[in-house]
Amino acid sequence: MVLATQSEELVEFDVRTDEMLINMGPQHPSTHGVLRLLLRTDGEIIFGVESHLGYLHRCAEKIGENLSPVQWVPYTDRMDYLAGMNMNLGMALAVEKLIGMQVPEKAVVLRVLIAELNRIASHLVGMGAYGLDLGTFSPFLYAFREREIILDLFEEVCGARLTYSYITVGGVTHDLPANIPIPPGLAMLTGRDPKSTMSWIDACTLFLDWLEKRISEYHTLLTRNHIFIKRTAGMGVISPEKAASYGCTGPVLHGSGIDWDLRRDGDPIYTRMYEGFDFKVIVAPFGSDAPREAVLGDNWCRFYVRMLEVVEAIKLVRQAMAKYPTAQGEYRVPHKMNTKLPKDEVYLETECPRGAMGFYFVGNGDSKPMRARAKSSCFCNLSIAEELCEGVFLADVPAIVGSLDIVMGEIDR
Amino acid sequence: MTPQQIHELLLEKFQDKIESANLGSLEPHITVKAEAIADVCQFLKSDQRLQMNHLNNLCGVDHLDAKTGTGRIEVVYHMQSYPQRHRICIKVALPRTGDGPNGLPKCPSVTKVWDVANWHEREAFDLFGIHFEGHPKLVRILCDEGWEGHPLRKDYVFPTHYQGMRAN
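These numbers were taken from a predicted model, which means no experiment stands behind them.

Definitions and cut-offs
- Residues numbered from 1 in each chain as written.
- Chains lettered and ligands numbered in written order.
- Predicted model: local features only at pLDDT ≥ 70, side-chain atom pairs only at ≥ 80, totals over all residues.
- Heavy atoms only, no water.
- Helix = DSSP H or I, 4+ residues; strand = E, 2+ residues; numbered from the N terminus.
- Rg over C-alpha atoms; globule rule 2.2 N^0.38 Å.
- Buried < 20%, exposed > 50% of the residue type's maximum accessible area, 1.4 Å probe, protein only.
- Contact = heavy atoms within 4.5 Å.
- Areas by Shrake-Rupley, 256 points an atom, 1.4 Å probe, with all protein chains shown as cover.
- Lys, Arg positive; Asp, Glu negative; His and termini not counted.
- Charge placed at Lys NZ, Arg CZ, Asp CG, Glu CD.
- Pairing = 2+ DSSP bridges.
- Axes fitted to C-alpha atoms, helices over the stretch in contact; angles between N-to-C directions.
- Expected span 1.5 Å × (residues − 1).
- Salt bridge = Lys/Arg side-chain N within 4 Å of Asp/Glu carboxyl O.
- Phe/Tyr/Trp six-rings, centres within 6.5 Å; stacked < 30°, edge-to-face > 60°.
- Lys NZ or Arg CZ within 6 Å of the ring centre and 35° of its normal.
- Buried area = accessible area lost by both parts, 1.4 Å probe.
- Polar contact = N/O pair within 3.5 Å; in protein donor to acceptor, adjacent residues only side chain to side chain.
- Nonpolar A, V, L, I, M, F, W, Y, C, P; charged D, E, K, R; others polar.
- 1 Å grid on protein atoms, 1.4 Å probe; cavity = no way out; pocket = protein on both sides within 12 Å on 5 of 7 lines; lining within 4 Å.
- Points joined across faces, edges and corners; volume = space filled by probe spheres on them.

S.K.: So what's going on with the overall build of chain A? Residues and values would help.
M.R.: Each helix and strand in chain A was counted, giving 18 helices and 10 strands. The C-alpha radius of gyration of chain A comes to 23 Å, within 12% of the 22 Å expected for a compact globule of 413 residues. Here the C-alpha coordinates of chain A stretch approximately 95 × 55 × 35 Å along the principal axes. The 413 residues of chain A split such that 62% are buried. Partitioning the contacts of chain A with sequence separation of at least 6, the portion at a separation of at least 24 is 69%. Just so you have it, chain A exposes about 15,700 Å², and 55% of that area is on carbon and sulfur atoms. Across chain A, the 41 positively charged side chains and the 53 negatively charged ones have centroids separated by 6 Å.

Structure, rendered in structure tokens:
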């Protein structure tokens, strides 16, 4: 009699696994919203991924065609809801380019200040949520503790914590408040009297001073963490050619080593805002900063780009705050809601935390655009996930999808 | 390269396939005949002087004349080159109905040129009803599979019911 383990046929039969379809999502914590990934698995290995989107589709573009651009601003907030200010900015700039509007210097400085502060908040969520995807909970709590203060500051500026509609056509809706109660989180962290008041600029400076010192701690907690490196380095590699072909932008593109930042290389109306500001574009590879296992375009590089962009954003916010007191002009020029849009078209991209968000307006002489298009950066960034996830372990899918840092509100619009 | 130079280069290569150009617009664009769009895009990407390796945006625009009920659907391609640092907009004008499946207008797919066109074309198919020929898997992406009609068309009638349920 032959023992089962000795017969090759039987062994083969014994360990053979059937193809199994696994639904990851639409309600899954690591899909960053309502994304459904249909995974075709053989045991632990993925050999096919199909993404199903649209669970959050509101046809924002159709709504945009039935409203004047100023009325559409609140809808852009709800696209990338973690970076509402940056969404507002892209849309406002596109409309201003179309109607040939000039914005005063003060509004420009405020826009840079607020947009970069929102970039910090957004990347903090990106960092925290990525840790969460990989199974560590504490970075998430730290990230949200810090983000909370930024949201408090935003609330003092415009009254909203998530959907700001602050940057609008013609400038911004409010000037910075002179005197605010110190954000409770900031008072606790810096040991100040929670009942004290200070100017908005002072509160923001206090926060940035405090945050800057914490960044090395995040690096200890995540970036240099051995388990984190094991999960991310050398995984989900996107070559520069693939990144360009798949239309990847933002940290995904920078992580693949393509040096293209719209704040420096974009449309003149956008790059003019950043004239006189000193900042570095963060691009992989990172040389001796990177762990041995990291390769160009992997998960780790994308994550590290975000971490360094926070440092750059802090620098930009500080410069904007220094410019603010002497900035000329009003914070907003009047703009009528029913201003006619000329018979022309404009496509403008801005560098949002998650990549290049593009707004395309076609006017036909009416106050409502004939076509209002929002090109989502996450939409393009996510489209590469199907290819990246092929041949990896099931447990690495959240690591890859998380490293793209997607927001479904922006993808589905 | 300036849009003028790109236009001259395309005229030289494709002659009568280039229909018109509006280079004075805020968004300088060149209109190309539908049957040539895949070749034009391939040329724009692979030519050493152009190297358009990044497709920023691909979308439809419905130019419906409400009075006559006629018009055209445009497919708009925004592209740029990282090495050459220039950008251009290419357009294709299609009839609103055509000989594709369900009477949809047909347009050659550019998925072979840029991978990102895959999802963008699915979106344009979903919302505008443009049939992209040669697309590997042309199915709806944002709307549900069983959705009827193409919502971003100007003559789209808002449904009152969805699968037997009242929708408004």
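Alright, that's what it looks like, and here's the rest.
S.K.: Go over the sheet that holds strand 1 (residues 19–24) of chain A with me, naming the residues and quoting the values.
M.R.: Residues and elements named next belong to chain A. Taken in spatial order, the three strands make up an open sheet running 1-2-3, and their pairing is antiparallel. Of all the strands in the sheet, just strand 1 and strand 3 (45–52) have a single pairing partner and so form its edges. With direction set aside, neighbouring strand axes in the sheet form an average angle of 20 degrees. Inspection of the sheet shows strand 1 paired to strand 2 (residues 36–42) by six bridges, in the antiparallel sense. Within strand 2, the position partnered with Ile-22 by the bridge is Leu-39.

S.K.: Help me get a handle on helix 4 (residues 84–99) of chain A, residues and values and all.
M.R.: Residues and elements named next belong to chain A. Taking 1.5 Å of rise per residue, the 16 residues of helix 4 would be expected to cover 22 Å, and the 23 Å separating its terminal C-alpha atoms lies within 8% of that figure. Most of helix 4 sits inside the fold, with 15 of its 16 residues counted as buried. Of the residues flanking the end of helix 4, it is Gly-100, one or two places downstream, whose phi is positive at about 65 degrees.

S.K.: Could you give an account of the pattern of salt bridges, naming the residues involved and the relevant values?
M.R.: Residues and elements named next belong to chain A. Summed over all chains, the structure comprises 42 salt bridges over all chains. Linking Glu-116 and Arg-119 is a salt bridge whose minimum nitrogen-to-oxygen distance equals 3.0 Å. In this pair, Glu-116 and Arg-119 both sit in helix 5 (residues 105–133), three residues apart, roughly one turn of the helix. Accessibility assignment for this pair places Glu-116 and Arg-119 in one class, buried.

S.K.: Please set out the packing of aromatic side chains residue by residue, giving values where relevant.
M.R.: What the rule picks out here adds up to 19 aromatic pairs over all chains. Where Phe379(A) meets Trp119(B), the ring centres are 5.5 Å apart and the plane angle is 65 degrees; that geometry is what we call edge-to-face. Taken together, the residues span two chains, with Phe379(A) in helix 15 (residues 377–383) and Trp119(B) in helix 3 (residues 117–128). Exposure class is identical for Phe379(A) and Trp119(B). Each is buried. Through pairs of rings, three or more aromatic residues link up here, namely Tyr270(A), Tyr274(A), Phe277(A) and Phe279(A). Here the basic side chain of Arg147(A) rests over the ring of Phe144(A), its NZ or CZ set 5.3 Å away from the ring centre. For Lys323(A), the ring lying beneath its charged end belongs to Phe277(A), and the centroid distance is 4.4 Å.

S.K.: So what's going on with the interface of chain A and chain B? Which residues, and what values?
M.R.: Every contact between the two is made by 42 residues of chain A and, on the other side, 43 residues of chain B. Its largest share of buried area at the contact with chain B, chain A owes to Trp260(A), Tyr347(A) and Phe379(A), together 18% of the area lost on that side. Linking chain A with chain B are seven salt bridges, by the criterion used here. Between Glu123(B) and Arg373(A) there is a salt bridge whose closest N-O contact spans 2.9 Å. Taken together, the links from chain A to chain B amount to 19 residue pairs in polar contact (both at pLDDT 80 or more). Looking at the side of chain A that touches chain B, its residues break down into 17 nonpolar, eight polar and 17 charged.

S.K.: Describe the layout of surface pockets, with residues and values.
M.R.: Here the largest pocket defines a volume of roughly 410 Å³. Along the wall of the largest pocket there are 15 residues; nearest its centre are His57(A), Cys59(A), Trp147(B), Pro151(B) and Phe158(B). Looking at the lining of the largest pocket residue by residue, the classes come out as 10 nonpolar, two polar and three charged.

S.K.: Describe the sheet that holds strand 8 (residues 345–352) of chain A, with residues and values.
M.R.: Residue and element names in this part refer to chain A. Spatially, 8-9-10 is the arrangement adopted by the three strands of the open sheet, whose pairing is antiparallel. Edge positions in the sheet fall to strand 8 and strand 10 (371–375), since each of these pairs with one other strand and no more. The mean angle between the axes of side-by-side strands here comes to 15 degrees, regardless of whether they run parallel or antiparallel. Pairing between strand 8 and strand 9 (residues 355–362): eight bridges, direction antiparallel. Within strand 9, the position partnered with Tyr-347 by the bridge is Tyr-360. Together, strand 8 and strand 9 form the strand contacts of helix 4, whose direction differs from that of strand 8 by roughly 150 degrees.

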